[in-house]
Amino acid sequence: MVAGRNSESDDAATSSDGGGDDGAQPVPDGGGADGAQPVPGRDAIDDEGYAIGSGRSDVVRRIDHDDFDPIGTLVLIAIYMAIVGVMWVFMYFVEFLGGDLTVIG
Amino acid sequence: MDIHRYEKVWLAGALLLIVGFIATVSYGAVGAGITMVNDEGGQVDHDSLDEHPRFSEPGTYADGPNEYDVYVVAYQFGFEPGTQEPIRVPAGSEVTFHVTSRDVTHGFQVVGTNANTMVIPGQVSTITVRFDEAGTEEYGLLCNEYCGAAHHAMEGRIEVVPQSQWNESMEVS
């Protein structure tokens, strides 16, 4: 995907040569781009207004599998499961089994 | 395949919830004795209910010690008995309702309880419930299947008569 986007943007950059405006495109942080690219032409702008290929394409920071630590997600899921458990106990044992008449045959 | 340690936690939690759900429903069926409404009531000809031994004269029939059968015919827009006169059952007894319809599909629900069944013409729905001695004295009855223009007015009553006041005249026999 990333490689595809890069080559696409290269094509776009080539095709937009001579677009007149030769201002340098802002280089992304840590982008490591060697030279300034020309501002992409209209063809290189996608539907949402982003210049194709302008995103950061290199690795910023590499972490190991278990270094990813979404503790907030874990807490949210724990809260959600606790709510589901309590609601189930209330609905089944209090509202349903605690109901007045129950079908027993 | 690497599975993140947090992912293992919530996968285990989800499995535990599923096992818990199944365990409680199993407990309800085995421990608490909850049953589902089924088709054991059999079928009747809804056009000739007046030839049926019980539905021709619906009401409360004694079926054994503290066991009663209540035959109810649902119609547009009421229950017989139930609407014109209340269904009477003795307190502290086990009552089986046999309900059928002579016109369209109705519902039979004892308001605010789990006693509830669909009433289909040609089919007898049976539900057995226990009325406690010290329980509620009167229950509402309503149709919960849209059955026509006056569906909203289709209702009835069940009177739970204390054992001491119960007498044979309240039974159809």
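Residues numbered from 1 in each chain as written. Chains lettered and ligands numbered in written order. Predicted model: local features only at pLDDT ≥ 70, side-chain atom pairs only at ≥ 80, totals over all residues.

Caption draft 1: Up close: the overall build of chain A. Along its length, chain A carries 2 helices and 0 strands. The proportion of buried residues among the 105 residues of chain A is 9%. Taking the intrachain contacts of chain A between residues at least 6 apart in sequence as the baseline, contacts between residues at least 24 apart amount to 61%. (Helix = DSSP H or I, 4+ residues; strand = E, 2+ residues; numbered from the N terminus. Buried ≥ 20, exposed ≤ 12 C-beta atoms within 10 Å, placed from the backbone. Contact = placed C-beta atoms within 7 Å.)

Caption draft 2: Structural detail: the confidence of the model for chain B. Residues and elements named next belong to chain B. Residues at a pLDDT of 70 or more form 98% of chain B, whose mean pLDDT is 89. Per-element averaging of pLDDT across chain B places strand β1 (residues 59–64) at the bottom with 88 and strand β6 (residues 106–110) at the top with 94. Reported confidence for the predicted complex is 0.73 by ipTM and 0.69 by pTM. (pLDDT = per-residue confidence, 0-100.)

Caption draft 3: Up close: the environment of G78 of chain B. As for its placement among the helices and strands, G78 of chain B is situated in strand β3 (residues 78–80). Other than its neighbours up to four places away in sequence, G78 of chain B contacts T83, M154 and G156 of chain B.

Caption draft 4: Here's a closer look at the sheet that holds strand β7 (residues 116–119) of chain B. All names here are of chain B. The strand order across the open sheet formed by 5 strands is β4-β10-β9-β6-β7, and the pairing between neighbours is mixed. Each edge of the open sheet carries a strand with a single partner, namely β4 (87–90) and β7. Strand-to-strand twist in this sheet, taken as the mean axis angle between neighbours without regard to direction, amounts to 20°. When β6 meets strand β9 (residues 138–142), the two strands line up antiparallel, connected through 2 bridges. When the bridges of β9 are listed, Q109 appears paired with L142. (Pairing = 2+ DSSP bridges. Axes fitted to C-alpha atoms, helices over the stretch in contact; angles between N-to-C directions.)

Caption draft 5: Broad picture of the interface of chain A and chain B. In this complex, chain A contributes 20 residues to the contact, which on the side of chain B involves 28 residues. When its residues are assigned to classes, the side of chain A that touches chain B shows 13 nonpolar, 5 polar and 2 charged. (Nonpolar A, V, L, I, M, F, W, Y, C, P; charged D, E, K, R; others polar.)

Caption draft 6: Broad picture of unusual backbone geometry. Residues and elements named next belong to chain B. Residue F77 is reached from Q76 by a cis peptide bond, and omega for that bond is 5°. Tracing the backbone shows F77 in the loop between β2 (67–75) and β3. A cis amide bond links E80 to the next residue, P81, at an omega of -5°. Mapped onto the elements, P81 comes out in the loop between β3 and β4. The backbone phi angle of N66 is positive, close to 60°, even though this residue is not glycine. Looking at where N66 falls in the secondary structure, it is placed in the loop between β1 and β2.

Caption draft 7: Representation of the pairing of strand β8 (residues 125–131) of chain B. Residue and element names in this part refer to chain B. Burial of the side chains of β8 is restricted to one face: S125, I127, V129 and F131 are buried, whereas none of T126, T128 and R130 on the reverse face is. Bridge analysis of strand β5 (residues 93–101) against β8 gives 7 bridges, and the strand direction is antiparallel. Residue pairing in the sheet places S93 in a bridge with F131 of β8.

Caption draft 8: Quick look at the packing of helix α2 (residues 71–96) of chain A against helix α1 (residues 5–30) of chain B. The N-to-C vectors of α2 of chain A and α1 of chain B enclose an angle of 5°; their axes lie 11 Å apart at closest approach. It follows from the interaxial angle that α2 of chain A and α1 of chain B lie roughly parallel. From α2 of chain A, L74, I77, M81, V84, G85, W88 and Y92 of chain A reach across to α1 of chain B, where they touch Y6, V9, W10, G13, L17, F21 and T24 of chain B. Taken together, the residues that form the contact of α2 of chain A with α1 of chain B break down as 11 nonpolar, 3 polar and no charged. (Parallel < 35°, antiparallel > 145°, perpendicular 65-115°, else oblique.)

Caption draft 9: Highlighting α1 of chain B. With 26 residues, α1 of chain B extends 37 Å from end C-alpha to end C-alpha; this agrees with the ideal 38 Å at 1.5 Å per step. Along α1 of chain B, only 0 of the 26 residues are buried, which leaves the element largely exposed. (Expected span 1.5 Å × (residues − 1).)

Caption draft 10: Representation of the nonpolar core. Residue and element names in this part refer to chain B. The biggest cluster of nonpolar side chains holds 33 residues, and the ones touching the most others in it are V70, V72, A74, V89, V95, V129 and I158. Within the residue set of this core, elements represented by two or more residues are β2, β4, β5, β6, β8, β9 and β10 (155–161). Residue contributions to this core peak at 6 residues, all from β2. When sequence neighbours within four positions are dropped, the list of residues in contact with V72 reads P58, F79, E80, P81, G82, I87, F97, V99 and F108. (Core = buried A, V, L, I, M, F, W, Y, C linked by C-beta atoms within 7 Å.)

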